[in-house]
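Spelled out from the first residue to the last, the chains are:
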Amino acid sequence: MSDTTPSSSKTADKAGFAIAFGLAALSFVVGWDAWRLSSVNAHSAVGPAAFPTIISAGLALLAVATAVEAMRAGPVDRPRDEIVPMAWVLAGLVGQIALLPFLGFSIATGWLFAATAKGFGKGPIWGHFLAGTLMCFIIYLIFAKGLQLSLPAGPLERLI
Amino acid sequence: MNQNFRGALLAAAFAITLPLGAAQAQMSDMKIMAPAGPGGGWDQTARSMQQVLQSEKIVPNVQVLNVPGAGGTIGLAQFVNSAKGDPSQLIVGGYVMVGAIITNKSPVNLSQVTPIARLTGEYEAIAVPASSPLKSMADLVAALKADPQKVSWAGGSAGGTDHITAGLIAKAIGIDPTKVNYIAFSGGGESLASILGGKVTVGISSMSEFESQAKAGKLRILGISSPERLASLPDVPTFKESGVDVDIQNWRMVAAAPGLTPEQKAEVAAAVEKMAKSKAWEDMLAQKGWVNTYLAGPEFEAQLAKDIASTQTILKDIGLAQ
Amino acid sequence: MDTFAALSQGLMIALQPMNLVFAFVGVMLGTAVGVLPGIGPALTVALLLPITFKLDPAGSLIMFAGIYYGGMYGGSTASILLNTPGESSSIVTALEGNKMARAGRGGPALATAAIGSFVAGTIATIGLALIAPTVVDIAISFGPEDYFALMVLAFTTVSAAFGSSVTKGLTSLFIGLSLGLIGIDLQSGQARLSFGVPDLLDGVEVTTLAVALFAIGETLSVVAAGARADEIIEPVKGSVFMNREDWKRSWKPWLRGTFLGFPIGAMPAGGAEIPTFLSYALEKRLCKKPDEFGNGAIEGVAGPEAANNAAAAGVLVPLLTLGLPTSATAAIMLAGFQQYGLNPGPLLFVTNPDLVWGLIASLFIANAMLLILNLPLVGLWVRLLAIPRPWLYGGILVFATLGTLGANPSLVELGMLLIFGLLGYVLRRYDYPIAPVVVGLILGPLSEQQLRRALAISVGDPVVLFQSPIALTLYALSALALFGPLLFFLATGRKAPVGGDED
């Protein structure tokens, strides 16, 4: 998101161009998939490719419109984003996904809680990690025992 | 997903199994995977098993694990990879899974698990609104032969049991199965509404979906996919006796992990058999309105192999598999 | 007609002390589980159904009704307080409700949701008791072409959620439409935009997308804003309950929402989402202070919440009169009924009148119990917002992922939550509205399927789309929604009261 810092470009809104590019890419993917589907033998009046084709065309038009608007708008000043706190929250979410299969729900989600709190400026991370893990372990117990829903189990959950 | 909730198909429960000798050492823990979200048919089957296995003290501690997605193939893949050689893990599945494995090009299939037994099943039926000019299967066959495109069929998702049955019928009467004008609906209620409202020519679904409407005289059942007439519905002719050689059952089964020793397999089979023959299981099925179609051992394996082969062929014929 | 005699008989049974206890327990449990994002009433009922096994039929029916309504109300509470919609029909509630909660008006938002739900539930239940057979005949006469026209109407009115820029609103909508393509196409069985990933074959779960865009996207943008967004969330500003003006602004939306929700909910393919969209759009049009929309307009909570609840009662119309389960919740309810020996279908009112009236009476009681229980709790609920931000947002993320994992314990699902969360952040960052993305995901597949069904049945003849009077009426309404403001302008010379930023 480097293009979101106070814009240094002289003529146009860089972020607008980036979004227009993203829309064009999405339009391409949807259109390509529609083209693949159109070769499938569909024995009905409107096959599986019709709607994707329309959506792809719409996205292409929107990409052009967004680019034109970005050109007209000129540079836009947007306040700077705090990268480090955001990285903490993202690390919490990614870490949860990475830890879940090995360490189970409580520990992985405890980490998510601790990392989010850290992102919002509240430490210490170890204390929050322990508190979060304990909280999640209780949630796990309620789900597993009360609702008979199994959340991913790890070493901690296997103790019971 | 709701198609199995309904109806009180009270058919004779038949069980053709050999007693496998007394169950030896009792299992203490068991994990049953329902390869679907909570609430659906497979989930209910798994949870019913859990309840009966525990209440009958066959296995004291049973857990149910839900892994939804892609017609059960996601759960199946996970089961094949994680349960290998573990006799304490089971997976619930059904005929829908047979089709989903083929159409989704699933990397795993049912030959990679150890099928134990078929537990319950339902038959497919064809229904028309009471006001429809079609009075019998013969009328439907005639209409299809005149112009298959003019006959619209309402049923579940494309490639599912309903679609497969429609394809089999077309093939049996010598019509190109790709010409079947099949309209897919996402839920039983929605397709039933379109049949009642006369928006489509015929509806095809499991019998229980149509039963209460038929009793109220709003729908007419043209035929059913059972090999013989059902004791509970003596007036409904089978497809076969109407000259359409199709018989199909939408069944649910339980399978064990891959890589079991013959002893382990026998142990699991004994536990499942004890459950399926218990009074508590009978009561559970009656409460849910499910028919006991318990079938185990080589007979079930033969039936499964036959179903897989015929499904493969028909899905190819209707253009959903290569 | 002994309708009222039968109903009062049912009420007498439901009012026995023991049954009131069951209603209380049901409502409490339902609310507690329903609060979890991603776990809507269908799943709540499915999970809690076994608890009712051991009771007598009357008691279990009442507890069941309590769980059902509790689950729905729990979803709205989570939407309003935490911005994490528990089900697709409370997504619209989150739009205005959460803005109100952040401005210290969480109390009135929860109250108008609770009272609106009660009013709508009561009216709709009366409708269920009195005019179900008539309503169902109309509902059944809707064909695919009529549903398609209804979707067109929903699409045209959705522009009310577009915010200030048409390009941006349409962009959000088309992103949602693209996401709606993912998965197996129902009609042809072909996989679209799945890239060989089996987890994508079932498509994008609406609640996953909504929770990600709303809760995770918002958490990311708040943390990224850092000190800049250091507004203090006041749990209570002014009265914790609704003041006179709130009442004045709420009662009409409650009624309008009810009249949108009940009939559309009764349609076999109507659902509970479309009436909430239509209600939101309608209230925005009719509101005297349209610029409040997007910043916490109470009408935007009152209308959709009433619509959502009325639709939930509407779903019972085809279920009880025809035995048609037209939603996931209805399918689960059917399973519940069967355990009490009820076999919904055309003959139900004839064969089991006592149980049907018992159920309807139970719905009344559960509805009233919910109101009595929750109004005093409103003050407690809004205290949630007094939790310091690091813990509040940490908790929101824990709950968001918990709900997703509870419904589907899959890493791919969590991955989607993360990716859509980032999408939500980017959209917020560049002032794109969020709601149209979700709307596109819901309406895109619905409209496509209905159109293709209509054309398949007619063997490709497009004339079928414009033949039915129902469809033509709906198209006329769409035209009015699109060009109405223009006509208003031409007639009066001043700009129609639309607009206002959203999100």
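The coordinates are above.
Residues numbered from 1 in each chain as written. Chains lettered and ligands numbered in written order. Predicted model: local features only at pLDDT ≥ 70, side-chain atom pairs only at ≥ 80, totals over all residues. Heavy atoms only, no water.

A. The arrangement of the overall build of chain C in detail. Of regular secondary structure, chain C possesses 19 helices and two strands. A buried classification covers 67% of the 503 residues belonging to chain C. (Helix = DSSP H or I, 4+ residues; strand = E, 2+ residues; numbered from the N terminus. Buried < 20%, exposed > 50% of the residue type's maximum accessible area, 1.4 Å probe, protein only.)

B. Structural detail: the overall build of chain A. Tallying secondary structure elements over chain A gives four helices and zero strands in all. Secondary structure elements of chain A occur, N-terminal to C-terminal, as α-α-α-α. Across the 160 residues of chain A, 46% fall into the buried class. Sequence separation of 24 or more characterises 59% of the internal contacts of chain A that already satisfy a separation of 6 or more. For chain A, the exposed area adds up to about 8100 Å²; of that, 71% sits on carbon and sulfur atoms. (Contact = heavy atoms within 4.5 Å. Areas by Shrake-Rupley, 256 points an atom, 1.4 Å probe, with all protein chains shown as cover.)

C. Summary view of the packing of helix 5 (residues 91-140) of chain C against helix 8 (residues 206-225) of chain C. All names here are of chain C. Close contact between helix 5 and helix 8 brings their axes to 12 Å; oriented N to C, the two are set at 20°. If you check the angle between helix 5 and helix 8, you find them roughly parallel. For the pair helix 5 and helix 8, the sense of crossing is right-handed. When helix 5 is examined against helix 8, the residues Ile 91, Ala 94, Leu 95, Asn 98 and Arg 102 are found in contact with a partner set consisting of Val 206, Ala 210, Phe 214 and Glu 218. (Axes fitted to C-alpha atoms, helices over the stretch in contact; angles between N-to-C directions. Parallel < 35°, antiparallel > 145°, perpendicular 65-115°, else oblique. Left-handed = near helix turned anticlockwise from the far one by under 90°.)

D. How the structure looks around helix 2 (residues 50-73) of chain A. A rise of 1.5 Å per residue sets the reference length of helix 2 of chain A, with its 24 residues, at 34 Å; its end C-alpha atoms lie 35 Å apart and thus fit the reference within 8%. For helix 2 of chain A, every residue scored as buried is listed here: Phe51(A), Pro52(A), Ile55(A), Ser56(A), Gly58(A), Leu59(A), Leu62(A), Ala63(A), Thr66(A), Ala67(A) and Ala70(A). At its buried positions, helix 2 of chain A is contacted by helix 1 (14-38) of chain A together with helix 7 (166-181), strand 2 (191-192) and helix 18 (435-457) of chain C. Following helix 2 of chain A by one or two positions, Gly74(A) has its phi on the positive side, about 75°. (Expected span 1.5 Å × (residues − 1).)

E. Fine view of the packing of aromatic side chains. Counting across every chain of the model gives eight aromatic pairs over all chains. Their ring planes at 50° and their centres at 5.4 Å tell us that Phe142(C) and Tyr147(C) sit as a pair that is tilted. With relative accessibility at 11%, the residue Phe142(C) sits in the buried group. The interplanar angle of 35° and the centroid separation of 5.5 Å between the aromatic rings of Phe466(C) and Tyr475(C) together place this pair among those described as tilted. For Tyr475(C), a relative accessible area of 17% translates into the label buried. Over the face of the ring belonging to Tyr432(C) we find Lys168(C), whose NZ or CZ atom lies 5.2 Å from the ring centre. The lysine or arginine in question, Arg453(C), covers the ring of Phe185(B), its NZ or CZ lying 4.2 Å from the ring centre. (Phe/Tyr/Trp six-rings, centres within 6.5 Å; stacked < 30°, edge-to-face > 60°. Lys NZ or Arg CZ within 6 Å of the ring centre and 35° of its normal.)

F. Molecular detail of the interface of chain C and chain A. Taken residue by residue, the interface counts 59 residues in chain C and 62 residues in chain A. When chain C packs against chain A, the two sides together hide about 5200 Å² of surface, and 79% of this comes from carbon and sulfur. Looking at the side of chain C facing chain A, the largest losses of area belong to Val223(C), Arg429(C) and Tyr430(C), adding up to 12% of the total buried there. With a shortest N-O distance of 3.1 Å, Asp81(A) and Arg429(C) are connected by a salt bridge. (Buried area = accessible area lost by both parts, 1.4 Å probe. Salt bridge = Lys/Arg side-chain N within 4 Å of Asp/Glu carboxyl O.)

G. View of the interface of chain C and chain B. Contacts between the two partners involve 43 residues from chain C, matched on the other side by 42 residues from chain B. Carbon and sulfur atoms supply 64% of the area that chain C and chain B bury against each other, a total of about 3400 Å² over both sides. For the pair chain C and chain B, the interface holds zero salt bridges. Where chain C packs against chain B, one counts five residue pairs in polar contact (both at pLDDT 80 or more). Here the side of chain C that touches chain B takes six residues from helix 13 (residues 328-339) of chain C, the largest share from any one element. Broken down by class, the residue content of the side of chain C that touches chain B amounts to 27 nonpolar, 13 polar and three charged. (Polar contact = N/O pair within 3.5 Å; in protein donor to acceptor, adjacent residues only side chain to side chain. Nonpolar A, V, L, I, M, F, W, Y, C, P; charged D, E, K, R; others polar.)

H. Representation of the nonpolar core within the structure. The biggest cluster of nonpolar side chains holds 203 residues, and the ones touching the most others in it are Phe105(A) and Leu209(C). The element best represented in this core is helix 5 of chain C, accounting for 21 residues. Ignoring any residue separated from it by four or fewer positions in sequence, one finds Leu209(C) in contact with Leu179(C), Val204(C), Phe420(C), Val437(C), Val438(C) and Leu441(C). (Core = buried A, V, L, I, M, F, W, Y, C linked by side-chain atoms within 4.5 Å.)

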